[in-house]
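For reference, the chains in residue letters:
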Amino acid sequence: MSIANILSLLGGLALFLHGMQMMSSGLEAAAGNRMKSILEKLTANRVLGVLVGAVITAVIQSSSATTVMVVGFVNSGMMTLTQAVWIIMGANIGTTITGQLIALDVGALAPFFAFLGVAMMVFLKKPQLHHYGSILGGLGVLFIGMDMMSAAMVPLREMPAFVDLMTKFSNPVLGILAGALFTALIQSSSASVGILQALANSGVIGLGSAVYVLFGQNIGTCITAVLASVGTGRNAKRTTIIHLMFNIIGTVLFTTLCLVTPLLGISLVGFVESLTPNSPASQIANMHTLFNIVTTLLLLPLGKWMVKAAMRILPERKQDLDEGMHLAYLTPINANQDRTIGQSAIYISQLRQELNRMLDMAKENVSTAFRAVLDRDPSLVTKEESVEEYIDFLNKEISQFISHVIVHETNEQDSAAVSAYFKIAGNIERIGDHAMNICGYSGILKEKDVHFSEEAKEEIREMEAVSRKAIEALSGVVSDPVEWLSEVSALEQKMDDMTASFRRHQMERMRKGICSDEGCILFSEMLTDFERIGDHVLNIAQERSSASLP
């Protein structure tokens, strides 16, 4: 094999992988967050789940990307472990589309696809069309790379050492190991199957040896999901275990069939070869499709059993219940990790849940603060301070998380959502600060023996009730965004009106000598904090509405 052939092989591999990356990036930018909408409509119907998994994977041409997306959805609470089983099964079927496309030999149109895609990216100004151009251009580059690899590997047929190496893969153990290791290395079963098809087209490897490499490739593709589950919750890790179980069971089944059926006079390999005798690439594609469809049909009735098995393999542990300050939903971002389809939806869902948790803390602190003032109980300040410290911690961690995400966000809608969440976090933190201010007044009341009148106490109770109602309105489910924003705005206006009214009442009490000087100052400060809480509530509602957040 000449230097020119080696360079051509490497160049073809580079184009093939880059084409897949272009398609993935284009799809993420164009429709990444729509994946969430599709998956959220899933019911417990296993057939529907398999179909959705298959369609999504067929579109993005990567079962690894779909599985990584599912791991993230399970970790963020957007999907149950049982729903994940059906998606994973469908993903294994959907990933076979790449092999079938390659087997169709549409490479003659590849340069046209590449030209059209690049032209859309260069000459059209609309960002959405740029994303579609990336998808189309990636498809063309992928097939150009495939043709280059196939042509470069033809001389390998004349190399005895390489032919001898390929024949060793007829040993099931060696073939499966080779396929699993190579796929784990490049982290794409679609790419590794495409390379195997290129080898077969070049006449270097026959189907008898290629099948075991193919089975190993199905196991190797699980490495991407394994890596994605690092640092996630137990359920996300169980999703990865289910993915591994599916492919290991399928490999054991089909390896057994390939070894046993020739002894019975009905060779499985021979049957697949007979379907397309003149197309080695089609033979591999058909075996890949058969592997995943049969394994899915076999395991479809056993999906819930697989969930139970995963839970036995990875049971709950007491130490998994985190203590102290921690992020409950957000998972650390690896700066070197490539973005995957659906990642935006995962991040946005995690941010929403983490911010709702932060908002609940702020709401409880507001209630605690007013109670501390009414009871003149400075002992509640310690509790208030610990929760306020937690809120500050969450604000810092969420802000850092968003700063990492937004740098790489290409989808305009998702970018707006992430930016809105950044501002929402800051407003929640400010609500916590005002609650802390109010709670601090209890110490002054106790120290200086200041007492509020019954009328003032009743007004404080009203402030607490309205503050709590306004904050609760922010975490509810929104069916009509316009009506919801109007309701929150009305509550904020009510808080403004109450502030003005209570200030007038305060002045009347001062004239009557009912309110002491110290009490007057503290009540006035409390009204300012109360009004500011309303302002921040309205800021949060407006940010949520402007970015069309759920």
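Placed above this text is the structure.
Residues numbered from 1 in each chain as written. Predicted model: local features only at pLDDT ≥ 70, side-chain atom pairs only at ≥ 80, totals over all residues. Heavy atoms only, no water.

**Thoughts on the overall build of the chain**
Regarding its fold elements, the chain presents 23 helices and zero strands. Taken across its 550 residues, the chain has 52% of its residues classed as buried. Considering only intrachain contacts with a sequence separation of at least 6, the fraction spanning at least 24 residues in the chain is 82%. (Helix = DSSP H or I, 4+ residues; strand = E, 2+ residues; numbered from the N terminus. Buried < 20%, exposed > 50% of the residue type's maximum accessible area, 1.4 Å probe, protein only. Contact = heavy atoms within 4.5 Å.)

**Description of the nonpolar core**
Counting residues in each nonpolar core, the largest one holds 61 residues, and the members touching the most others are Ile398, Phe452, Met463 and Met526. Going through the elements one at a time, helix 18 (343–375), helix 19 (380–408), helix 20 (412–447), helix 21 (454–474), helix 22 (481–512) and helix 23 (517–546) are the ones with two or more residues in this core. Every residue in contact with Met463, bar those within four places of it in the chain, is listed here: Phe370, Met498, Phe502, Phe523, Met526, Leu527 and Phe530. Residues Ala200, Leu207, Val211 and Ile284 belong to the second largest nonpolar core, which totals 23 residues. (Core = buried A, V, L, I, M, F, W, Y, C linked by side-chain atoms within 4.5 Å.)

**Points about empty space enclosed by the protein**
Under the definition given, this model contains two cavities of 30 Å³ or more. Here the largest cavity is characterised by a volume of approximately 50 Å³. Lining the largest cavity we find His451, Phe452, Ser453, Ala456, Arg509, Ile514, Cys515, Ser516 and Gly519. Partitioned by chemical class, the residues of the lining of the largest cavity number four nonpolar, four polar and one charged. Its volume calculated, the second largest cavity comes out at about 30 Å³. Lining the second largest cavity, in full, are Val373, Leu374, Arg376, Leu445, Val450, His451, Phe452 and Lys457. Along the lines of polarity and charge, the residues of the lining of the second largest cavity split into five nonpolar, one polar and two charged. (1 Å grid on protein atoms, 1.4 Å probe; cavity = no way out; pocket = protein on both sides within 12 Å on 5 of 7 lines; lining within 4 Å. Points joined across faces, edges and corners; volume = space filled by probe spheres on them. Nonpolar A, V, L, I, M, F, W, Y, C, P; charged D, E, K, R; others polar.)

**A short note on the pattern of salt bridges**
Using the criterion set out here, one finds 15 salt bridges in the structure. Glu364 serves as the salt-bridge partner of Arg468, at 3.0 Å between the closest nitrogen and oxygen. Taken together, the residues span a long stretch of sequence, with Arg468 in helix 21 and Glu364 in helix 18 at a distance of 104 residues. Judged by relative accessible area, which is 39%, Glu364 ranks as partly exposed. (Salt bridge = Lys/Arg side-chain N within 4 Å of Asp/Glu carboxyl O.)

**Quick notes on the packing of helix 12 (residues 207–220) against helix 14 (residues 234–260)**
For the pair helix 12 and helix 14, the least separation of the axes is 9 Å and the interaxial angle reads 170°. Regarding the angle of helix 12 to helix 14, the classification is roughly antiparallel. Along its contact with helix 12, which presents Val211, Tyr212, Phe215, Asn218 and Ile219, the element helix 14 presents Asn247, Ile248, Thr251, Phe254, Thr255, Cys258 and Leu259. In terms of residue class, the contact of helix 12 with helix 14 is built from eight nonpolar, four polar and no charged. (Axes fitted to C-alpha atoms, helices over the stretch in contact; angles between N-to-C directions. Parallel < 35°, antiparallel > 145°, perpendicular 65-115°, else oblique.)

**Observations concerning the state of the cysteines**
With the rule as written, the count across this model stands at zero disulfides. Cys520 provides the cysteine sulfur closest to Cys515, a residue in no disulfide bond, and the two sulfurs are 4.9 Å apart. Looking at Cys520, the relative accessible area reads 12%, which means it is buried. (Disulfide = S-S within 2.5 Å.)

**Quick word on a nonpolar patch on the surface**
Residues Leu259, Val260, Leu263, Leu264 and Ile266 make up a contiguous nonpolar surface patch of roughly 540 Å² in combined accessible area. Along the chain, Leu264 turns up in the loop between helix 14 and helix 15 (268–275). In this structure Leu264 comes out as exposed when scored by relative accessible area, which is 60%. (Patch = residues over 30% accessible without salt bridge, like charges linked within 9 Å, V, L, I, M, F, W, Y side chains within 5 Å. Areas by Shrake-Rupley, 256 points an atom, 1.4 Å probe, with all protein chains shown as cover.)

**Here we look at the packing of aromatic side chains**
Going through the model one piece at a time under the given rule, you end up with seven aromatic pairs. Taken together, a centroid distance of 6.2 Å and an interplanar angle of 80° make the contact between Tyr212 and Phe215 edge-to-face. Taken together, the positions of Tyr212 and Phe215, both in helix 12 and three residues apart, correspond to about one turn of that helix. Among the residues examined, Tyr212 registers a relative accessible area of 5% and is labelled buried. (Phe/Tyr/Trp six-rings, centres within 6.5 Å; stacked < 30°, edge-to-face > 60°.)

**Overview of unusual backbone geometry**
Although it is not a glycine, Arg376 sits at a positive phi angle of roughly 50°. For Arg376, the position within the fold is in the loop between helix 18 and helix 19. Classification of Arg376 by relative accessible area gives buried; the value is 17%. Positive phi values are uncommon outside glycine, yet Asp449 reaches one of about 55°. Here Asp449 shows up in the loop between helix 20 and helix 21.

**Here we look at the packing of helix 6 (residues 96–103) against helix 16 (residues 280–299)**
Viewed as axis vectors pointing N to C, helix 6 and helix 16 meet at an angle of 160°, and their least axial separation amounts to 8 Å. It follows from the interaxial angle that helix 6 and helix 16 lie roughly antiparallel. Considering the relative orientation of helix 6 and helix 16, their crossing is left-handed. The segment helix 6 lies against helix 16, with Thr96, Gly99, Gln100 and Ala103 engaging Ala281, Ser282, Ala285, Asn286, His288, Thr289 and Asn292. (Left-handed = near helix turned anticlockwise from the far one by under 90°.)

**Section: the side chain of Glu354**
Its place among the elements puts Glu354 in helix 18. Here Ala328 takes part through its backbone nitrogen, which lies 3.1 Å from a polar atom of the side chain of Glu354. A polar contact of 2.6 Å, which involves the side chain of Glu354, links it to the side chain of Arg357. Once you skip the residues sitting within four places of it in the chain, Glu354 turns out to touch Leu327, Ala328, Tyr329, Leu330, Leu394 and Ile398. (Polar contact = N/O pair within 3.5 Å; in protein donor to acceptor, adjacent residues only side chain to side chain.)

Shape is all these values report; function is a separate question.
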